[in-house]
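Residue strings, one per chain:
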Amino acid sequence: MPRQMTGWVPGTARRTVLLTGASGVVGRALLPRLRDFDVVCLVHRSPVSGPNVTTVPGDITRPMFGLAERAYAELAARVDAVIHCAAATGFNRTDGSLETTNVTGTEHVTAFAAAAAAKPVLYHVSTAFVHTTAAGDRGRTAAGYAASKAAAEQVVRSSGVPHVILRPSVVIGDSGTGEIAAFQGLHQVVGGLFAGIVPMIPFDSGWPIDFVPADVVADSIACVVENRVSEGEFWISAGEAAMSLEEGVAVVVEFARGLGVRIDMPRFVPPEMFDRLIGPVFLDALPGKIRRNILRMLEFFTIYLQSGQIKPSSLDELAVLGARPLPDQRESLRNSVRYWAARNGYAQADTERAA
């Protein structure tokens, strides 16, 4: 079960927050939600802006973020909360960047929080799939990402700084607009379905697939920070409200057909049958690019379905702080697919259908 909220302290004074990962999927959604804060964004490559935003060029993988001693000290003197969203999320990285960014980077962020004059709370954004393990060979690379996030959580817990751990599930686009900073694994699955290269899915159709819109994730994080919660672990996930895999796939197929894309509903087959009998023949017969795309989709499903497990969810607890409830899952997914489709050559068909 999710841990109960503890360490709540009221306060109304305008505060200064250091935000890492502001250009990422969670950071981009979170930035406008932090309108009541002065936000200092540690920027590595991608620029960000906003009426209440200042930026500091820096790199979490380097000690003191790569800043000069004086600049580091001045930054530490300004900040009274730290939101750590920066992370490497690419499953297939084998160059050590997962560990460098997710673990070493978190060490540098906790060191900053410890050095800051106001002794700020560190709000560490992890993942709801932190306990993921590989199922045989499939899922091995994605499990490496989960292991790096688990190690980062341990860094935070061992640091001695006041902290809150937040674990978002799969993040899709904004619940109303579908907008997202970057297309991720679920969008790749959508692309595979639209392309008609997913004739079968080797998982139980009734297994839950847990996702949460980016604006809900941002609102949940912001509410915890606004209410000065200083300890606890919160799961930002759909939990019991998660759609089944079959329901989610049906939403995508129905939307595609509405755009005039001719695709069939994939067939669901038992995983052991696919691995033992179908997969070796089916995959070997495919062109290399399509085979690689399907293997990446299988990797995504393997990790994020987790053999039918329902994720814990803290959304009801967070609602006590004023966080918004989870919107209709089907409508959120439909809007996310619409946004993806409009940016992948389907905008004209969508406009014609709406007219």
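None of these values were measured; they are calculated from a predicted model. (Residues numbered from 1 in each chain as written. Predicted model: local features only at pLDDT ≥ 70, side-chain atom pairs only at ≥ 80, totals over all residues. Heavy atoms only, no water.)

### Looking at the overall build of the chain
Now for step 1: When helices and strands are tallied, the chain shows 12 helices and 13 strands.
Now for step 2: Of all 355 residues assigned to the chain, the portion counted as buried reaches 53%.
Now for step 3: Across the chain, every contact between residues at least 6 apart in sequence was considered, and the portion connecting residues at least 24 apart equals 78%.
Now for step 4: Here the chain displays about 15700 Å² of accessible surface, and carbon together with sulfur accounts for 52% of that area. (Helix = DSSP H or I, 4+ residues; strand = E, 2+ residues; numbered from the N terminus. Buried < 20%, exposed > 50% of the residue type's maximum accessible area, 1.4 Å probe, protein only. Contact = heavy atoms within 4.5 Å. Areas by Shrake-Rupley, 256 points an atom, 1.4 Å probe, with all protein chains shown as cover.)

### Here we look at the confidence of the model for the chain
Now for step 1: Across the chain, pLDDT averages 87, with 87% of residues at or above 70.
Now for step 2: This stretch, residues 1–6, has a pLDDT under 50; its non-local contacts, to residues over four places away or in other chains, come to 19 contacts.
Now for step 3: In this model, residues 349–355 is a region of pLDDT below 50 whose contacts with residues beyond four sequence positions or in other chains number eight contacts. (pLDDT = per-residue confidence, 0-100.)

### Some remarks on the packing of helix α7 (residues 245–258) against helix α11 (residues 329–342)
Now for step 1: Running from N to C, α7 and α11 cross one another at 45°; their axes reach a closest spacing of 10 Å. Accordingly, the angle class assigned to the pair α7 and α11 is oblique. Handedness of the α7/α11 crossing: right-handed. On α11, the residues that touch Glu247, Gly248, Val251, Val252 and Phe255 of α7 are Arg330, Leu333, Arg334, Val337, Arg338 and Ala341.
Now for step 2: Taken together, the residues of the contact of α7 with α11 break down into six nonpolar, one polar and four charged. (Axes fitted to C-alpha atoms, helices over the stretch in contact; angles between N-to-C directions. Parallel < 35°, antiparallel > 145°, perpendicular 65-115°, else oblique. Left-handed = near helix turned anticlockwise from the far one by under 90°. Nonpolar A, V, L, I, M, F, W, Y, C, P; charged D, E, K, R; others polar.)

### Quick word on the packing of helix α1 (residues 25–33) against helix α6 (residues 214–226)
Now for step 1: Running from N to C, α1 and α6 point in directions that differ by 55°, and their axes come no closer than 8 Å. By the angle class used here, α1 and α6 are oblique. Between α1 and α6 lies a crossing of right-handed hand. Note on element contacts: α6 touches α1 through Ala214, Val217, Ala218, Asp219, Ile221, Ala222, Cys223 and Glu226, opposite Val26, Ala29, Leu30 and Arg33.
Now for step 2: A class-by-class count of the residues in the contact of α1 with α6 yields nine nonpolar, no polar and three charged.

### Focus: the side chain of Glu153
Now for step 1: Relative to the elements of secondary structure, Glu153 occurs in helix α4 (residues 140–158).
Now for step 2: What makes Glu153 buried here is its relative accessible area of 1%.
Now for step 3: A polar contact is formed between the side chain of Glu153 and the side chain of Arg167, at a distance of 2.8 Å.
Now for step 4: Here Glu153 is in contact with His124, Ser126, Val130, Ile165 and Arg167, once residues within four sequence places are set aside. (Polar contact = N/O pair within 3.5 Å; in protein donor to acceptor, adjacent residues only side chain to side chain.)

### Some remarks on the nonpolar core
Now for step 1: Judged by nonpolar contacts, the single largest core of 43 residues is most densely connected at Phe194 and Phe301.
Now for step 2: For this core, the secondary-structure elements that each account for two or more residues are β7 (170–172), α5 (185–195), β8 (200–201), α7, α8 (271–284), α9 (288–305) and α11.
Now for step 3: A per-element tally of this core places α7 first, with seven residues.
Now for step 4: Ranked by size, the runner-up nonpolar core spans 42 residues in total, among them Leu166, Ala214, Ile221 and Ala323. (Core = buried A, V, L, I, M, F, W, Y, C linked by side-chain atoms within 4.5 Å.)

### Considering the pattern of salt bridges
Now for step 1: The tally for this structure, following the rule as stated, stands at 12 salt bridges.
Now for step 2: Across the pair Arg14 and Asp38 runs a salt bridge whose closest N-O atoms are separated by 3.0 Å. With a gap of 24 residues between them, Arg14 in the segment before β1 (16–20) and Asp38 in strand β2 (residues 38–43) connect regions that are remote in the sequence.
Now for step 3: Overall, Arg14 belongs to the partly exposed group, its relative accessible area being 46%.
Now for step 4: What makes Asp38 partly exposed here is its relative accessible area of 33%.
Now for step 5: Where Asp215 meets Arg324, a salt bridge forms, and the shortest distance between an N and an O atom there is 2.4 Å. Of this pair, Asp215 sits in helix α6 while Arg324 sits in the loop between α10 (315–319) and α11, and the two are 109 residues apart along the sequence.
Now for step 6: Here Asp215 falls in the buried class, since its relative accessible area comes to 14%. (Salt bridge = Lys/Arg side-chain N within 4 Å of Asp/Glu carboxyl O.)

### Some details on the packing of aromatic side chains
Now for step 1: Per the stated rule, a full pass over the model turns up eight aromatic pairs.
Now for step 2: When the ring of Phe65 is compared with that of Tyr72, the centres are 5.9 Å apart and the planes differ by 65°; the resulting orientation is edge-to-face.
Now for step 3: Given a relative accessible area of 1%, Phe65 falls into the buried group.
Now for step 4: Note on Phe203 and Trp207: the rings are 6.1 Å apart at their centroids and 50° apart in plane angle, and the pair reads as tilted. (Phe/Tyr/Trp six-rings, centres within 6.5 Å; stacked < 30°, edge-to-face > 60°.)

### Considering helix α3 (residues 97–115)
Residues spaced three or four apart along an α-helix point in a common direction, a consequence of the helix completing one turn every 3.6 residues.
Now for step 1: Between the first and last C-alpha of α3 there are 25 Å, a value that for 19 residues agrees with the 27 Å anticipated at 1.5 Å per step.
Now for step 2: Taken as a whole, α3 carries its principal kink of about 30° at Gly105.
Now for step 3: Those residues of α3 lying buried are Ser97, Leu98, Thr101, Asn102, Val103, Gly105, Thr106, His108, Val109, Thr110, Phe112 and Ala113. (Expected span 1.5 Å × (residues − 1). Bend = angle between axes of the 7 residues up to and from the residue.)

### Thoughts on the sheet that holds strand β11 (residues 232–236)
Now for step 1: Taken in spatial order, the seven strands of this open sheet run β3-β2-β1-β4-β5-β6-β11, and their pairing is parallel. Taken across any chain shown, the strands that pair with only one partner, and hence form the sheet edges, are β3 (53–57) and β11. For this sheet the average axis-to-axis angle between neighbouring strands, irrespective of direction, equals 20°.
Now for step 2: For β1 and strand β4 (residues 81–84), the ladder comprises four bridges, and the chain directions are parallel. Bridging from a neighbouring strand, Leu18 pairs with Val82 of β4.
Now for step 3: Seen against the sheet, α1 touches β1, β2, β3 and β4 and runs at an angle of roughly 160° to β1.
Now for step 4: Where α3 meets the sheet, it contacts β1, β4 and β5 (121–125), and its direction lies at approximately 175° from that of β4. (Pairing = 2+ DSSP bridges.)

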